[in-house]
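Listed below, chain by chain, are the residues.
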Amino acid sequence: DSGVTQTPKHLITATGQRVTLRCSPRSGDLSVYWYQQSLDQGLQFLIQYYNGEERAKGNILERFSAQQFPDLHSELNLSSLELGDSALYFCASSRRELTNEKLFFGSGTQLSVL
Amino acid sequence: AQSVAQPEDQVNVAEGNPLTVKCTYSVSGNPYLFWYVQYPNRGLQFLLKYITGDNLVKGSYGFEAEFNKSQTSFHLKKPSALVSDSALYFCAVSPNTDKLIFGTGTRLQVFP
């Protein structure tokens with residue numbers, strides 16, 4: 001068990017809808033990363049938060065947004081969903097903001113857009 | 001452009017034989033290098049990390065990785081494969097403290 005908790009584990013929704021994925025980092029970790037894993041794109045970095053502030057942005061669509069709350073949990077909001085958004089979404093955490101640190105991954109949220 | 005390449009989509013090896021999963025990178029400077037493993041229906045787990053020093057890095061579950069600066073490679077190795085090693089392996093490179101780049105992954109299949 002990595003100590004990173006993601007909910008829900010599975011999410012099935014329809015095109016055009018909006019969903020929220022939740023992540024609780026390991027105790028004491030201040031940095032949260034979001035990744036999207038799909039068969040054709042591999043593991044894509046979406047966004048990183050550190051201690052409540054956005055630190056780095058990757059290939060995140062404008063329809064997607066995220067935030068990190070004062071208790072350090074994070075939410076990834078996906079709106080106007082399309083079939084191509086179906087993927088496994090991972091959250092990872094680390095102690096500090098530096099990307100050369102070891103990351104701890106959650107088990108992911110499998111999103112299916114029908 | 002900075003990148004990480006895992007040239008093999010899949011590696012097949014018999015149990016008990018040595019295994020190698022290849023990784024090459026294209027970044028400037030002295031990057032940090034990582035290997036992660038993903039078992040079915042699980043998140044990625046850290047295996048090992050190279051910062052500086054000895055070119056052979058030892059990690060979890062008997063894995064090790066060899067850093068070769070001249071060939072810009074960081075191949076993952078294990079002397080004797082187990083069926084339970086079957087999983088998806090990701091190489092990752094951090095060229096600085098602001099970016100982490102993952103490879104596309106290599107599926108390792110160990111046959112009994």
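Before any of the text, the structure's been laid out above.
As a starting point, this report considers the structure included with it. (Residues numbered from 1 in each chain as written. Chains lettered and ligands numbered in written order. Predicted model: local features only at pLDDT ≥ 70, side-chain atom pairs only at ≥ 80, totals over all residues. Heavy atoms only, no water.)

**Brief notes about the sheet that holds strand β8 (residues 74–78) of chain A**
Residues and elements named next belong to chain A. The strand order β1-β3-β8-β7 describes an open sheet built from 4 strands, whose pairing is antiparallel. Single-partner strands in this sheet number two, and they are β1 (5–7) and β7 (64–68). For this sheet the average axis-to-axis angle between neighbouring strands, irrespective of direction, equals 15 degrees. As paired strands, strand β3 (residues 19–24) and β8 are joined by 5 bridges and run antiparallel to one another. Looking at β8, one finds that C23 is bridged to S74. (Pairing = 2+ DSSP bridges. Helix = DSSP H or I, 4+ residues; strand = E, 2+ residues; numbered from the N terminus. Axes fitted to C-alpha atoms, helices over the stretch in contact; angles between N-to-C directions.)

**With respect to the nonpolar core**
One finds W35(B), L47(B), L48(B), F74(B), L76(B) and Y89(B) to be the most contacted residues of the largest nonpolar core, which totals 29 residues. Contributions of two or more residues to this core are made by β2 (10–14), β3 (19–21), β5 (32–38), β6 (44–50), β8 (64–68), β9 (73–78), β10 (87–94) and β12 (106–111) of chain B. (Core = buried A, V, L, I, M, F, W, Y, C linked by side-chain atoms within 4.5 Å. Buried < 20%, exposed > 50% of the residue type's maximum accessible area, 1.4 Å probe, protein only.)

**Quick word on the pairing of β6(B)**
One ladder, built from 6 bridges, connects β5(B) with β6(B); its direction is antiparallel. Within the sheet, the bridge partner assigned to V37(B) lies in β6(B) and is Q45(B).

**Details of unusual backbone geometry**
Trans peptide bonds make up most of the peptide bonds, and negative phi angles are found at most residues other than glycine. A cis amide bond links T7(A) with the next residue in sequence, P8(A), at an omega value of -10 degrees. Structurally, the position occupied by P8(A) is in the loop between β1 and β2 (10–13). Of note in the backbone geometry, N41(B) takes a positive phi value of approximately 60 degrees without being a glycine. Note on placement: N41(B) falls in the loop between β5 and β6.

**Some details on the interface of chain B and chain A**
Contact residues are listed per partner, giving 18 residues for chain B and 17 residues for chain A. The junction of chain B with chain A conceals about 1,500 Å² of combined surface from both sides, 55% of it contributed by carbon and sulfur atoms. Of all residues in chain B, L44(B), T97(B) and F102(B) bury the most surface against chain A, accounting for 31% of the area lost on that side. Applying the counting criterion to the chain B and chain A interface returns 0 salt bridges. Our count for the contact surface shared by chain B and chain A stands at 5 residue pairs in polar contact (both at pLDDT 80 or more). Looking at the side of chain B that touches chain A, the elements that each hand over two or more residues are β5, β6 and β10 of chain B. In terms of residue count, the dominant contributor to the side of chain B that touches chain A is β5(B) (4 residues). (Contact = heavy atoms within 4.5 Å. Buried area = accessible area lost by both parts, 1.4 Å probe. Salt bridge = Lys/Arg side-chain N within 4 Å of Asp/Glu carboxyl O. Polar contact = N/O pair within 3.5 Å; in protein donor to acceptor, adjacent residues only side chain to side chain.)

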